[in-house]
Amino acid sequence: MHFDYNSKNIQTIKQSIMANQEDMFKKVVSHAKEYGFIFPSSEIYDGLGAVYDYGQLGVELKNNIKQYWWKSMVQYHENIVGLDSAIFMHPRIWKASGHVDAFNDPLIDNKDSKKRYRADVLIEDHIAKIEEKIKKECDKAAKRFGDAFDRQQFVTTNARVLEHQKQIDEIHAKYAELMNANDLAGLKQLILDLGIVCPISGTRNWTDVRQFNLMFATKMGSVIDDSDTLYLRPETAQGIFVNFLNVQKSGRMKVPFGIAQIGKAFRNEIVARQFIFRMREFEQMEMQFFVRPGTELEWFKYWKEERLRWHLALGIPAVKYRYHDHEKLAHYANAATDIEFEFPFGFKELEGIHSRTDFDLSRHSEFSGKKLQYFDSELNENYTPYVIETSIGVDRTFLAIFSHGLKDETLEDGSVRTVLSLPPVLAPYKAAVLPLVKKDGLPEKAREIVDLLKYDFMLQYDEKDAIGRRYRRQDAIGTPYCITVDNDTLTTGSVTVRHRDTMQQERVAIAQLSAYLHDGIKPIKVN
Ligand code: ATP
């Protein structure tokens, strides 16, 4: 069948997709609040822009994300060790790293709506709209050709798709050229040439593009006049670089080796929107891997693949992830890619993997006067190691997992259940223990099971309301297993285990429960 959409229809379809995405996103935000995952910061004082607090379930999920990352980096790699450096650091560190002079975002205001935007984000959003057109062409063709549809062939031969792709490539190239030349007037002109309008006012009445430094400054010392200006760290990486020698020598580390760190970072983001996707105070999980010069691109490839495997081991479908190789490389990098995730508002960066050359160690050597080098006994020479960085946001990972997992399902009897299909390894509670009724010795038996398992698993005990309602409550907070204690439990020593995603139930001996849960919450092995 061939549908000939007129532009009005296309507009209507576009709006309904947008409305769906928006509804979905609103549902994510309200669910997170309703069930104690995430609250706006300082809410009783009307909140603070782009700052959030993690509630009783949010902190569990967040801690599990951090633990999952820490284990796969530090515990499973002999040559990676951890670090916890202070947030306050010597101000010269930020001069050396380039953040004082160049940690800027290009901002632009719309004079009619008085709204402020990041110029690069406006251009990215414009590109995303063209990508959406390509996707539509593909979806239409896939419907038309059915099983015979060959996507690869289609995107490399269809005239309309090629035209869209050409446009994207030209915009990317122009944008990279302007950013590399720090040509702010050119950037404004590109926004005008592309016909980008303000999403609020719908006009092209833009101010000039200006640079804005994202670091928060504060003062250290009791006398304001004499005190030094400090910066709240905008990334955790520099704490690793300045401790390179300490860790290498005290840990007798041999290149190649890595240092991993999880910690808070602060950025005065211009446009802080999209919930916990872009926050002013957030958390990063970063690992700097020190290698012999000349081997960095091999290691870059290794970490690029390894990090995607880490994501896929959570069981989220591979189509939700994609690489975005950078055309515009930061001045210190010789290769860079992002792992992007399909959030409710489209594909966006979740993690960055960068080959940072010897830039950071060399700069800190220069600024501190201390030689940050490594003596390689196999080569019998001193050198400044090259660095591969993997850097991922805890909060963005949270949002990815949470938004992907949240869905409303219509059941066979027509009722709707809300289920949060979190990867079991990350779920706040691994199981809920539920006595079928509040009498006949069932609560006591259920408490015994809690005592048996609570040292190994985070559990919730619940005896209120009918069992069906209790199952729904656990579905909504992502608990992978419900363990129901019934009258038979007292005689057979077995319980019913209900699976969150399939709602299937099976009988399991109490003595087997621990092994059963261990098995069920493991990450998937991906090769
Ligand atoms: P973006 O282009 O989205 O601003 P970035 O390229 O500046 O991100 P990096 O400096 O590479 O981000 O930081 C590494 C990771 O830290 C990102 O992939 C992201 O997951 C996380 N991150 C960065 N900025 C924020 C923020 N403001 N809020 C939440 N997470 C963030």
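Because the structure is a prediction, the values reported are computed rather than measured.

### What to know about the nonpolar core
Here comes step 1: Judged by nonpolar contacts, the single largest core of 57 residues is most densely connected at F37, W69, F398 and L399.
Here comes step 2: Other than its neighbours up to four places away in sequence, F37 contacts A32, D53, Y54, G55, L57, G58, L61, F398, F402, L420, P428 and I477.
Here comes step 3: In this structure, I130, A141, C198 and W206 belong to the second largest nonpolar core, which totals 24 residues.

### Considerations on the sheet that holds strand 21 (residues 481-485)
Here comes step 1: The five strands lie next to each other as 20-19-21-22-23, forming an open sheet whose pairing is mixed. Unpaired on one side and paired on the other, strand 20 (459-461) and strand 23 (505-509) mark the two borders of the sheet. Looking at each pair of strands side by side, their axes are set apart by 25 degrees on average, direction ignored.
Here comes step 2: Examined bridge by bridge, strand 19 (residues 431-435) and strand 20 share three bridges and lie parallel to one another. Directly across from V433, in strand 20, lies its bridge partner Y461.
Here comes step 3: Lying on the sheet, helix 17 (residues 513-520) is in contact with strand 19, strand 21, strand 22 (494-499) and strand 23; it crosses strand 21 at an angle near 160 degrees.

### A word on the site of the ligand
Here comes step 1: Taken together, 17 residues surround the ligand, and among them E269, R278, M279, E349 and L350 come closest.
Here comes step 2: Within the side chain of R118, a nitrogen or oxygen atom sits 3.4 Å from an oxygen atom of the ligand.
Here comes step 3: F277 places a main-chain nitrogen or oxygen 3.4 Å from a nitrogen atom of the ligand.
Here comes step 4: Starting from 590 Å² of accessible surface for the ligand in isolation, the protein chains cover 85%.
Here comes step 5: Those elements that provide at least two residues to the shell around the ligand are strand 10 (281-291), strand 13 (346-357) and strand 16 (386-393).
Here comes step 6: When residues in the shell around the ligand are grouped by element, the largest group, five residues, is from strand 13.
Here comes step 7: Of the residues contributing to the shell around the ligand, the split by class is five nonpolar, five polar and seven charged.

### What about the domain arrangement of the chain?
When the parts of a complex come together, some accessible area is lost, and that lost area is often used as the size of the interface.
Here comes step 1: We note that the domain assignment places domain 1 (1-34 + 104-211), domain 2 (38-89 + 214-408) and domain 3 (411-520) within the chain.
Here comes step 2: The partner domain 3 presents 16 residues to the 13 residues of domain 2 that form the contact.
Here comes step 3: Summing the contributions of domain 2 and of domain 3, the shared interface buries around 1,300 Å²; its carbon and sulfur component is 74%.
Here comes step 4: Inspection of the domain 2/domain 3 interface yields zero salt bridges.
Here comes step 5: Counting the contacts that link domain 2 with domain 3 gives six residue pairs in polar contact (both at pLDDT 80 or more).
Here comes step 6: Of all the secondary-structure elements, those providing two or more residues to the side of domain 2 that touches domain 3 are helix 2 (58-75), helix 13 (394-405) and strand 17 (406-410).
Here comes step 7: It is helix 2 that provides the largest number of residues to the side of domain 2 that touches domain 3, a total of five residues.
Here comes step 8: Of the residues contributing to the side of domain 2 that touches domain 3, the split by class is eight nonpolar, two polar and three charged.

### A short note on the sheet that holds strand 3 (residues 80-83)
Here comes step 1: An order of 3-9-10-16-13-12-11 is seen for the seven strands of this open sheet, with the pairing classed as mixed. The two strands at the open ends of the sheet, each matched to only one other strand, are strand 3 and strand 11 (321-325). Averaged over all pairs of adjacent strands, the angle between their axes in this sheet comes to 25 degrees, without regard to strand direction.
Here comes step 2: As defined by bridge partners, strand 13 adjoins strand 16 across six bridges and the pair is classed as antiparallel. Residue T357 lies in a different strand from strand 16, and its bridge partner there is V387.

### A look at helix 5 (residues 119-145)
Here comes step 1: Taking 1.5 Å of rise per residue, 27 residues should cover 39 Å, and helix 5 covers 40 Å from first to last C-alpha, within 8% of that figure.
Here comes step 2: Of all the residues in helix 5, the buried ones are A119, D120, V121, L122, I123, I127, I130, I134, E137, C138 and A141.
Here comes step 3: Looking at the buried residues of helix 5, the elements they touch are strand 4 (104-109), strand 5 (116-118), helix 6 (151-157), helix 7 (159-180) and helix 8 (184-193).
Here comes step 4: Within two residues after helix 5, G146 carries a phi angle of roughly 60 degrees, on the positive side.

### A few points about the layout of surface pockets
Here comes step 1: Within this model, the second largest pocket holds a volume of roughly 900 Å³.
Here comes step 2: Lining of the second largest pocket is provided by 32 residues; of these, Y68, K71, Y76, V425 and P523 occupy positions nearest its centre.
Here comes step 3: Within the residue set of the lining of the second largest pocket, elements represented by two or more residues are helix 2 and helix 11 (296-312).
Here comes step 4: Looking at the lining of the second largest pocket, the element that brings in the most residues is helix 2, giving seven residues.
Here comes step 5: Classifying every residue of the lining of the second largest pocket by side-chain character gives 16 nonpolar, six polar and ten charged.

### Side note on the side chain of S403
Here comes step 1: Mapped onto the secondary structure, S403 falls in helix 13.
Here comes step 2: A distance of 2.7 Å separates a polar atom in the side chain of S403 from the backbone oxygen of L399.
Here comes step 3: Of note is the side chain of S403, whose polar atom sits 3.4 Å from the backbone oxygen of A400.
Here comes step 4: Those residues within four positions of S403 in sequence are excluded, and the remaining contacts are M24, V28 and P344.

Conventions adopted
Residues numbered from 1 in each chain as written. Predicted model: local features only at pLDDT ≥ 70, side-chain atom pairs only at ≥ 80, totals over all residues. Heavy atoms only, no water. Core = buried A, V, L, I, M, F, W, Y, C linked by side-chain atoms within 4.5 Å. Buried < 20%, exposed > 50% of the residue type's maximum accessible area, 1.4 Å probe, protein only. Contact = heavy atoms within 4.5 Å. Pairing = 2+ DSSP bridges. Helix = DSSP H or I, 4+ residues; strand = E, 2+ residues; numbered from the N terminus. Axes fitted to C-alpha atoms, helices over the stretch in contact; angles between N-to-C directions. Near = heavy atom within 4 Å. Polar contact = N/O pair within 3.5 Å; in protein donor to acceptor, adjacent residues only side chain to side chain. Areas by Shrake-Rupley, 256 points an atom, 1.4 Å probe, with all protein chains shown as cover. Nonpolar A, V, L, I, M, F, W, Y, C, P; charged D, E, K, R; others polar. Domains from an automatic or database assignment. Buried area = accessible area lost by both parts, 1.4 Å probe. Salt bridge = Lys/Arg side-chain N within 4 Å of Asp/Glu carboxyl O. Expected span 1.5 Å × (residues − 1). 1 Å grid on protein atoms, 1.4 Å probe; cavity = no way out; pocket = protein on both sides within 12 Å on 5 of 7 lines; lining within 4 Å. Points joined across faces, edges and corners; volume = space filled by probe spheres on them.

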